[in-house]
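Here is how the chains run, residue by residue.
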Amino acid sequence: MRWENLTESAEHGRADAALFGADAVVSRTFDTPEFAGITFHEIRARSIINRVPGASRMPFEWTVNPYRGCSHACVYCFARKTHSYLDLDTGLGFDSQIVVKVNAPELLRHQLGSRRWTGDHIAMGTNVDCYQRAEGRYRLMPGIIAALRDHANPFSILTKGTLILRDLDLLRQAAAVTDIGISVSVGFTDPDLWRTVEPGTPAPERRLDVVRTLGEHGIGCGVLMAPVIPFLSDRPAQLRATVRAIAAAGATSVTPLVLHLRPGAREWFMAWLNREHPYLVRRYERLYADGSYAPKWYQRRITRQVHELAQEYGIGPAGAGMPRRIREPEPEAEPVSGPTQLTLI
């Protein structure tokens, strides 16, 4: 594996020293059913707060990614290409060769305390899921959230993982001192499609339980309705069923995102499509003939339909995961006639 050559320039468009050295890598396998066939490469990273390239479409500048590779095994995952930087393959290798930055919490705390750090918003879960199965063993996120809380640094998390509920108390503590945003990714509710497209993830209804539980504890949660998969999850009845379920879970917003197929992900997805739905291959070749993204007319159509459904079901059409803070109750006023009740927003 190309450990020594993996620099920040490979990930983030900047020249720097190697992010870690080969002598710092420990590879492990665990003889438990949930980790069958998975190898974990434990490394001590040299940097954990990463700048997003200027050309990126992402609406944030800084990210923290404690893992590389993802056992969710989503066939469409755009992050697959990043595994090629390690000379690992972007298919099964991405699903089963997981890099774990075991020093992420302590390194983050150190970088947040640096005079050079200005307290900008940090996004997590935007490359691979920080609440994938490995997090159940390595428990990196509690230390990461605690560091962000202690420095009152705003952050957001995007996940498909139900394990985020383990850290509910920490999230509430962080929300009391800074702006946080939580989004859960649910692109569709079709169980058959889920089993083949996202085989390593919790079921969509379990993810919606996360949305519901967070809301019940005062943390508003948006849903990134992603991806909407052309010809497989985009029929009007399917879109309606998904938005209806999202609304029933109490999501604060729903933001649709049509499947995009970047290099690395495109090859893996198209191989899957050829096996599972060969009659769609030509249609996809035409739809994505101009690049990684579906045509604007198609994206606009899906966005319009989802926004109309969101309005019908009483949820906001956009802004999923926008930062929000649990506000402390206002001081009690002088007694007045009749009882008063404080609210937690």
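So, here is what we can say about the structure in this document. (Residues numbered from 1 in each chain as written. Predicted model: local features only at pLDDT ≥ 70, side-chain atom pairs only at ≥ 80, totals over all residues. Heavy atoms only, no water.)

1. Brief notes about the sheet that holds strand 2 (residues 39-43)
Taken in spatial order, the four strands line up as 1-2-6-5 in an open sheet, and their pairing is mixed. Looking at strand neighbours, the two that pair on one side only are strand 1 (26-29) and strand 5 (67-68), the edges of this open sheet. As paired elements, strand 5 and strand 6 (residues 97-101) share two bridges and run antiparallel to each other. What sits directly across from R68, in strand 6, is V99. (Pairing = 2+ DSSP bridges. Helix = DSSP H or I, 4+ residues; strand = E, 2+ residues; numbered from the N terminus.)

2. Examining the pairing of strand 9 (residues 180-185)
Note on strand geometry: in a regular strand, side chains alternate between the two faces of the sheet. Summarising burial for strand 9: six of the six residues are buried, a large majority. Burial of strand 9 is two-sided: the residues I180, I182 and V184 facing one way and the residues G181, S183 and S185 facing the other way are all buried. The pairing of strand 8 (residues 155-159) with strand 9 spans five bridges and is classified as parallel. Following the sheet pairing, S156 is matched in strand 9 by G181. (Buried < 20%, exposed > 50% of the residue type's maximum accessible area, 1.4 Å probe, protein only.)

3. Focus on the sheet that holds strand 7 (residues 122-124)
Read across the open sheet, the seven strands follow the order 3-4-7-8-9-10-11; overall the sheet is mixed. Each having just a single partner strand, strand 3 (49-51) and strand 11 (254-258) make up the two edges of the open sheet. Each neighbouring strand pair of the sheet contributes to a mean axis angle of 25°, computed without reference to strand direction. Two strands pair when backbone bridges link them, and strand 4 (residues 62-64) and strand 7 are joined in this way by three bridges, in the parallel orientation. (Axes fitted to C-alpha atoms, helices over the stretch in contact; angles between N-to-C directions.)

4. Thoughts on the packing of aromatic side chains
The relative placement of two aromatic rings is captured by the distance of their centres and the angle of their planes. This model, assessed by the stated rule, comprises 11 aromatic pairs. Between F30 and F35 the ring centres are 6.0 Å apart and the planes differ by 55°, which places this aromatic pair in the tilted class. Here F30 matches F35 in class, with each residue buried. Here Y284 and Y288 contribute two aromatic rings whose centre-to-centre distance is 5.7 Å and whose plane-to-plane angle is 10°, an arrangement assigned as stacked. The pair Y284 / Y288 is uniform in exposure class, with both members buried. Taken together, F231, F269, W272, Y284 and Y288 form an aromatic cluster joined through their ring pairs. (Phe/Tyr/Trp six-rings, centres within 6.5 Å; stacked < 30°, edge-to-face > 60°.)

5. Topic: the packing of helix 5 (residues 141-150) against helix 6 (residues 168-175)
Two elements in contact, helix 5 and helix 6, have axes separated by 9 Å at closest approach and are oriented at 15°. Relative to helix 6, helix 5 is oriented roughly parallel. Crossing hand, helix 5 versus helix 6: left-handed. Residues P142, I145, A146 and R149 of helix 5 form the contact with helix 6, whose participating residues are L170, L171, Q173 and A174. Per-class residue counts for the contact of helix 5 with helix 6 are six nonpolar, one polar and one charged. (Parallel < 35°, antiparallel > 145°, perpendicular 65-115°, else oblique. Left-handed = near helix turned anticlockwise from the far one by under 90°. Contact = heavy atoms within 4.5 Å. Nonpolar A, V, L, I, M, F, W, Y, C, P; charged D, E, K, R; others polar.)

6. Side note on the pattern of salt bridges
A complete count under the given rule lists 14 salt bridges for this structure. For R149, the salt bridge identified is with D150, shortest N-O distance 2.8 Å. The partly exposed category is assigned to R149, whose relative accessible area is 22%. With relative accessibility at 43%, the residue D150 sits in the partly exposed group. Several salt bridges share partner residues, and in doing so they unite R109, R149 and D150 into one network. (Salt bridge = Lys/Arg side-chain N within 4 Å of Asp/Glu carboxyl O.)

7. So, unusual backbone geometry
The step from A226 to P227 runs through a cis peptide bond, and the omega angle for that step is -5°. Note on placement: P227 falls in strand 10 (residues 221-228). Notably, A152 is not glycine yet its phi reads approximately 45°, a positive angle. Among the secondary structure elements, A152 is positioned in the loop between helix 5 and strand 8. Classification of A152 by relative accessible area gives partly exposed; the value is 37%. Here F231, not a glycine, exhibits a phi torsion of approximately 70°, which is positive. With respect to the secondary-structure elements, F231 resides in the loop between strand 10 and helix 9 (236-248).

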